[in-house]
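So you can see what is in the structure, the chains are spelled out below.
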Amino acid sequence: MEHLDPSLVDWSRAQFALTALYHWIFVPLTLGLTFIVAIMESIYVKTGDEWWKNTTKFWMGLLAINFAIGLATGIIMEFEFGTNWSNYSWIVGDIFGAPLAIEGLMAFFMESTFFAIMFFGWEKVSKRAHLLSTWLVAVGSNLSALWILVANGWMQHPVGMHFNPDTARNEMTDFWAILFNPNAYSKFLHTISGGYVLAALFVIAISSWYLLKKRNIQFARRSIMVAASFGLIVSLFNVTTGDDSARQVAQHQPVKLAAMEGLYDGKPGAEIVAFGILNPNKKINDTQDPFLFKLAIPYGLSVLSYHKLDAYVPGLKQLVYGDKEKQIMSAQGKMDRGTKAVTALTNYKKAKASKDKLAQAAALKAFDADSAYLGYGYLKAPEEVIPPVATTFYAFHTMVIFGSWFILLFMIILYLTMTNELHTKRWALWAGVLSLPMGYAAQEAGWITAEVGRQPWAIQDMLPVGMATSNISSGSVMITFWMFAVLFTALLIAEVSIMTTQIKIGPKEAKHV
Amino acid sequence: MLKIIYHFYRDGFRNMKLGKRLWVFIAVKLFILFVVVKYFFFPNILEEKFNNDEQRSDYVLQQLTQGKK
């Protein structure tokens, strides 16, 4: 076996995390703001009120800034696949090729045609044609996200494929199974609705700032009315998609669910922790309480996971060490079967080289019997299946607590706007402004939950991260990590700087994008 | 038709204000990403190391059958 520097895996992980987290600063705002802009333009077309046209143009200008700064930040992840994750990209290439190619074509055609009409076509095409383009940009950018999330959903729950031991690739056997993978579409809906919530917070925060400064009052009130209505609807939808997403995790990634809840001992009628402080000294084998403090809702986790009050939810102990009564296979049992799969693959390779057809068929049969556990054959200890519990737990709870606050905020802001009191309630306006960074934090926390929670897997149960990594110098990964940190920070400073300049200018000046 | 499309884009770009700055920004960023970052720092390991897919398959298969990392 080639020696792989353990720090290489960590640096590769860190670099990918950095890239993905920075990329995700820009994407969700685009996903949601396109819809808010489309709603505002629809009001303009319906009422013929030029004022709504100027309002639409202002928010469209901020959308353009966010889009321009964020453009192509995701492409870096593709570079990293080829360099840092060459084994992984080879193994998944056949699966990811189709969705990512569709995404690339869709993004290109959408951006070069409808985006152009949206920004250049105000006086060139009819009102309705322009509105149609704006809606198509909104729908198209969200469909573009669909293909990325189909790929991500597949990594969390691989379906519709077969591992070919001759090519060492997962080959697609059922495109529709991959597209309609329940994990993929629940993730897609939860992710885009999260983006809509962020966009609503963005509009509310900037409009609240105008009201605090006592300028652009009418613009701010009307923008807040649209954003708070939109935000309330999409945040409630976000709760339902989150519920579906949690059930998918319970079924296909139970270890992640246990880590999200800090659940070490499984039980029927399991409670859900609304707020908690984990015991940092807790080990899986000891009898210490996992929490220093917690506020829990009885039966909440059983209901969330299986929609039943008394449903049994396995904890980390059962998932690692197994539970015969509950028919839960131990991680060691899975490792044994994974080792058999690796051995069978080795035998297949040898038999193929020696052109021994009989031995080849026997090895293939043995491999197929245990291939579902292939990834476990690369683990050294059963405890390796546990992701970082504290990171997963706190990220998940940050997302949920902030998400719950946003629902309340949208209700308060909407009520105060409808009663015409908002401009007099400075506390509510400050809450609107300060909730924007919380929106970004919730977005990032969601992805941290999804990705840290699925460790150690690059592909669930099939390929651990250590096996996915290219054997390159950790020093080069370290250099590019810091290079990206500087580059992305510069992009973020540019975005904030250009954006704040435009916000200070205000809607009246933003007539041309 | 092509003339209309050409004029549409030409006039659109000409009338841009903030957009011009953003396009400069995009051009510089794409140059850094695709020319500097991709070319100097992110080679495709399997593409560079091997000549064909068979060799790439063999290499990855070798990695997968050598066991624990």
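None of these values were measured; they are calculated from a predicted model. (Residues numbered from 1 in each chain as written. Chains lettered and ligands numbered in written order. Predicted model: local features only at pLDDT ≥ 70, side-chain atom pairs only at ≥ 80, totals over all residues. Heavy atoms only, no water.)

### Let's talk about the overall build of chain A
Filter applied, for reference: Helix and strand assignments follow DSSP, with helices taken as H or I runs no shorter than four residues and strands as E runs no shorter than two, numbered in order from the N terminus. Atoms considered for the radius of gyration are the C-alpha atoms alone. The globule rule reads 2.2 Å times the number of residues to the power 0.38. Between two residues, a contact is recorded if the distance between any of their heavy atoms is within 4.5 Å. By the counting rule applied here, Lys and Arg register as positive and Asp and Glu as negative, while His and the ends of each chain are not counted. The atom standing in for a charge is NZ when the residue is Lys, CZ when it is Arg, CG when it is Asp and CD when it is Glu.
When you go through chain A residue by residue, the secondary structure sums to 17 helices and eight strands. Relative to the 2.2 N^0.38 estimate, which gives 24 Å for 513 residues, the radius of gyration of chain A is 25 Å and therefore close to what a compact globule would have. Once the C-alpha set of chain A is aligned to its principal axes, its extents read approximately 80 × 50 × 40 Å. A separation threshold of at least 6 residues defines the contact pool for chain A, and within that pool the share at least 24 residues apart is 78%. Of the side-chain charges in chain A, 40 are positive and 37 negative, and the distance between the mean point of each set is 7 Å.

### Points about the packing of helix H12 (residues 331-353) of chain A against helix H13 (residues 357-370) of chain A
All names here are of chain A. Where we set the bar: To define axes, lines are fitted to C-alpha atoms, for helices over the stretch in contact only, and angles between the resulting N-to-C directions are given on a 0 to 180 degree scale. If an angle is under 35 degrees, it is roughly parallel; if it is over 145, roughly antiparallel; if it lies from 65 to 115, roughly perpendicular; otherwise it is oblique. Each crossing gets its handedness from the near helix: less than a right angle anticlockwise from the far helix is left-handed, clockwise is right-handed. Think of it as three bins: nonpolar holds Ala, Val, Leu, Ile, Met, Phe, Trp, Tyr, Cys and Pro, charged holds Asp, Glu, Lys and Arg, and polar takes everything else, Gly as well.
In the contact formed by H12 and H13, the axes pass within 8 Å of each other and the chain directions differ by 155°. If you check the angle between H12 and H13, you find them roughly antiparallel. For the crossing formed where H12 meets H13, the hand is left-handed. Two secondary-structure elements touch here, H12 through Arg337, Lys340, Ala341, Ala344, Leu345, Asn347, Tyr348, Ala351 and Lys352 and H13 through Ala359, Gln360, Ala363, Leu364, Ala366, Phe367, Ala369 and Asp370. Looking at the contact of H12 with H13, its residues break down into eleven nonpolar, two polar and four charged.

### Observations regarding the confidence of the model for chain A
Residues and elements named next belong to chain A. How we decide: Confidence of the prediction at every residue is given by pLDDT, a number between 0 and 100.
Taken residue by residue, chain A gives an average pLDDT of 91. The fraction at 70 or more is 98%. Per-element averaging of pLDDT across chain A places helix H4 (residues 86-120) at the bottom with 81 and helix H14 (residues 389-418) at the top with 97. The low-confidence segment residues 509-513, where pLDDT is below 50, has 14 contacts with residues more than four positions distant or belonging to other chains.

### Remarks on the layout of surface pockets
Summary: where empty space remains is shown by rolling a probe the size of a single water molecule over the atoms. Residue and element names in this part refer to chain A. Operational definition: Both site types are read off a 1 Å grid over the protein atoms alone. A 1.4 Å probe that fits but cannot get out defines a cavity, while an open set with protein on both sides within 12 Å along at least five of seven lines defines a pocket; lining residues have an atom within 4 Å of a point. Grid points are joined across faces, edges and corners, and a volume is the space filled by probe spheres set on the points. In this entry, domain limits derive from an automatic or database-based domain assignment.
Its volume calculated, the second largest pocket comes out at about 1,100 Å³. Those elements that provide at least two residues to the lining of the second largest pocket are helix H7 (182-212), helix H8 (217-252), helix H9 (254-261), strand S4 (272-278), helix H10 (300-306), H14 and helix H15 (426-452). Grouping the constituent residues of the lining of the second largest pocket by class yields 21 nonpolar, 19 polar and four charged. There are two domains that each give the lining of the second largest pocket at least three residues, and those are domain 1 (6-253 + 387-509) and domain 2 (259-321).

### Regarding the side chain of Gln443(A)
Of note, Gln443(A) is situated in helix H15. If near-sequence neighbours (up to four positions away) are discounted, Gln443(A) is found in contact with Trp24(A), Pro28(A), Gly194(A), Gly195(A) and Leu198(A).

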